[in-house]
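Examination of the molecular architecture
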Amino acid sequence: MNTSLDISRTVMDMDSAYVMHTFNRQKIVLVRGQGMRLWDADGNEYLDFLAGIAVNGLGHSHPGLVSAISKQAAELMHVSNLFYVPDQPVLAKRLVELSGLGKAFFCNSGAEANETAIKLSRKWAKEHRGEDIFEIITAEGSFHGRTIGAVTATGQPKYHKGFEPMLPGFKYVPYNDIDALEAAVSDKTCAIMLEPVQGESGVRPAGIEYLKAVRRMCDSRNILLILDEVQTGLGRTGKWFGFQHYGIVPDIMTLAKTLGGGFPIGACLAVDNVASAFSPGCHASTFGGNPLACAAALATLDAIEEENLVQNAAEIGAYFHKKLEELRAARNDIVEIRGKGLMVAVEMNRGDAPIIGQECLKRGLIVNPIGSDIIRFLPALIVGKSEVDEAVGILKEVLESSR
Ligand SMILES: Cc1ncc(COP(=O)(O)O)c(C=O)c1O
């Protein structure tokens, strides 16, 4: 008879034999989820403060999402985008109304949404400003995905290494430095692309004055502002979109992650005058916005609205920050608590973030260590105070015991 330990070993051995080695995985095989909890093949339970890297906004196995996906799967899963399907324009309308932008294009991931934004901004600039206007400025420390355009946009040389030459026409500037951006803008600049809160590199919010100044600069020089809201979008920061903290609206915005609640779907939204640069044949995706993906996204949006999850993210996010600040005040190894809403990082000065992450995991808490000193937390938008208390308690215990 196979024991659960045998099952875990078999999965890991098969993965190593047959799956390309692009991830250093935790030695855990996850088999089931419910709300904020996950279980592995050996029956161990985990409190999930990563939510599939900001994807499972509704937690695991949300009944509304499960039933919408099951119902749609039984009716119609996929047809070509050469035909209309009922839910795609409904989803586009919901996102347009929530964001104030004009039209949506659907794809399957964050990287693809950003590819769309890159192509759309270049197409718009060629039509409205001239053939040579193609340059896109992005920030150092940014993360926009792994396809060749998105990884070129990503301002971290370590992700470019081995894949050169990168796409021409990109420039990188320090984040939150308006003078550096002013100096980098040229007559060839068609777009500036930023995350409202840099996520992957350690949860770094844009300054209010910075993003406002970027918006003014784009307006005065007829440059498009692309905001990558793949991680910040759809409630994560305590507002529907990160840009709503800043009193500005981008020309183009990208979404993915939370949008499908765990089902893969991405979207690129743009104001009408920019969206109209795309015409039939310009850009496409076979799976983008198919009936199953749209049903998942609509059920996710319904649940976010019905369960007041944006407000929950703001309130529990504030509570989480307060609890972590209390922990910081009582210790000398935490330098800073950063973030917005439920996008949170603890920066330490002890150089052992990966060990802290491992020790949390051993005690049943899933977090995300970044580099040597940062722990990132991205719990589902449904998280409550008791789970925050539990997570902070585990972190405290780990910090105390692993010195
Ligand atoms: C801000 C941001 N943009 C883009 C991406 C890429 O998304 P995907 O992995 O779905 O391609 C990520 C992924 O972490 C992200 O955080």
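Provided above is the structure to which this section pertains.
Scoring rules and cut-offs
- Residues numbered from 1 in each chain as written.
- Predicted model: local features only at pLDDT ≥ 70, side-chain atom pairs only at ≥ 80, totals over all residues.
- Heavy atoms only, no water.
- Helix = DSSP H or I, 4+ residues; strand = E, 2+ residues; numbered from the N terminus.
- Expected span 1.5 Å × (residues − 1).
- Contact = heavy atoms within 4.5 Å.
- Pairing = 2+ DSSP bridges.
- Axes fitted to C-alpha atoms, helices over the stretch in contact; angles between N-to-C directions.
- Near = heavy atom within 4 Å.
- Polar contact = N/O pair within 3.5 Å; in protein donor to acceptor, adjacent residues only side chain to side chain.
- Areas by Shrake-Rupley, 256 points an atom, 1.4 Å probe, with all protein chains shown as cover.
- Nonpolar A, V, L, I, M, F, W, Y, C, P; charged D, E, K, R; others polar.
- Patch = residues over 30% accessible without salt bridge, like charges linked within 9 Å, V, L, I, M, F, W, Y side chains within 5 Å.
- Salt bridge = Lys/Arg side-chain N within 4 Å of Asp/Glu carboxyl O.
- Buried < 20%, exposed > 50% of the residue type's maximum accessible area, 1.4 Å probe, protein only.
- Core = buried A, V, L, I, M, F, W, Y, C linked by side-chain atoms within 4.5 Å.
- Right-handed = clockwise from strand over helix to strand, strands pointing away.
- 1 Å grid on protein atoms, 1.4 Å probe; cavity = no way out; pocket = protein on both sides within 12 Å on 5 of 7 lines; lining within 4 Å.
- Points joined across faces, edges and corners; volume = space filled by probe spheres on them.
- Parallel < 35°, antiparallel > 145°, perpendicular 65-115°, else oblique.
- Left-handed = near helix turned anticlockwise from the far one by under 90°.

Considering helix α8 (residues 208-221)
- Given a rise of 1.5 Å per residue, 14 residues ought to cover 20 Å, and the 20 Å separating the end C-alpha atoms of α8 matches this to within 8%.
- For α8, the elements touching its buried residues are α7 (178-184), β7 (189-194) and β10 (224-228).
- At the exit of α8 stands N222, carrying a positive phi of roughly 60°.

Brief notes about the sheet that holds strand β6 (residues 170-173)
- On the basis of which strands lie adjacent, the open sheet formed by 7 strands has the order β4-β12-β11-β10-β7-β5-β6 and mixed pairing. Only two strands of the sheet have a single neighbouring strand rather than two, namely β4 (103-107) and β6. Recorded for the sheet is a direction-independent mean angle of 20° between the axes of neighbouring strands.
- Packed on one face of the sheet, helix α4 (residues 87-99) meets β4, β11 (252-255) and β12 (266-270) and runs near 125° to β4.
- The sheet strands contacting helix α5 (residues 110-128) are β4, β5 (135-139), β6, β7, β10, β11 and β12, and the helix crosses β11 at an angle near 165°.

A word on the site of the ligand
- In the neighbourhood of the ligand, the contacting residues comprise S109, G110, A111, N114, F143, H144, G145, E195, D228, V230, Q231 and K257.
- A111 places a polar main-chain atom, nitrogen or oxygen, 2.8 Å from an oxygen atom of the ligand.
- Computed on the free molecule, the ligand has an accessible area of 390 Å², of which 80% lies beneath the protein chains in the complex.
- It is α5 that provides the largest number of residues to the shell around the ligand, a total of 3 residues.
- Looking at side-chain class alone, the shell around the ligand contains 3 nonpolar, 6 polar and 3 charged residues.

Observations concerning a nonpolar patch on the surface
- Where nonpolar side chains cluster on the molecular surface, the patch consists of M14, Y18 and V19 and spans about 360 Å² of accessible area.
- Tracing the backbone shows M14 in helix α1 (residues 4-18).
- On the accessibility criterion, M14 (47% relative accessible area) is partly exposed.

Let's talk about the nonpolar core
- Of all hydrophobic cores here, the largest spans 85 residues; its most connected members are F49, L95 and I192.
- With 9 residues, helix α10 (residues 291-306) is the single largest residue contributor to this core.
- Judged by nonpolar contacts, the second largest core, of 20 residues, contains I226, I252, V274 and A277.

Comments concerning the pairing of β10
- Of all 5 residues making up β10, 5 are buried, and the element is well covered by its neighbours.
- Residue alternation in β10 divides its side chains into two sets, L224, I226 and D228 and L225 and L227, and both sets are buried.
- Summarising the sheet, β7 and β10 pair through 4 bridges and their orientation is parallel. By the bridge assignment, L194 is partnered in β10 with L227.
- Relative to β11, β10 is paired through 3 bridges, and the arrangement is parallel.

Describing the pairing of β5
- Of all 5 residues in β5, 5 are buried; the element is thus mostly enclosed.
- Judged by which residues are buried, β5 turns out to be covered on both faces: E135, I137 and A139 on one side and I136 and T138 on the other are all buried.
- Handedness of the β-α-β unit built from β5, helix α6 (residues 148-153) and β6 comes out right-handed.

Digging into the layout of surface pockets
- Looking at the second largest pocket, its volume works out to about 810 Å³.
- Around the second largest pocket, the lining is made up of 26 residues, and of these N81, Q88, A104, F105 and H283 lie nearest the centre.
- At the level of secondary structure, the elements contributing two or more residues to the lining of the second largest pocket comprise α4, β4 and β12.
- Among the elements that take part in the lining of the second largest pocket, β4 stands out by supplying 4 residues, more than any other.

Some thoughts on the packing of helix α11 (residues 309-329) against helix α13 (residues 385-401)
- Where α11 meets α13, the closest approach of the two axes is 10 Å, and the angle between their N-to-C directions is 25°. The orientation of α11 with respect to α13, classified from their angle, is roughly parallel. In this structure, α11 crosses over α13, and the sense of that crossing is right-handed. Packed against α11, whose contacting residues are I316, Y319, F320, K323, L324 and L327, the element α13 presents K385, V388, D389, V392, L395, K396 and L399 at the interface.
- Residues that form the contact of α11 with α13 fall into these classes: 9 nonpolar, no polar and 4 charged.

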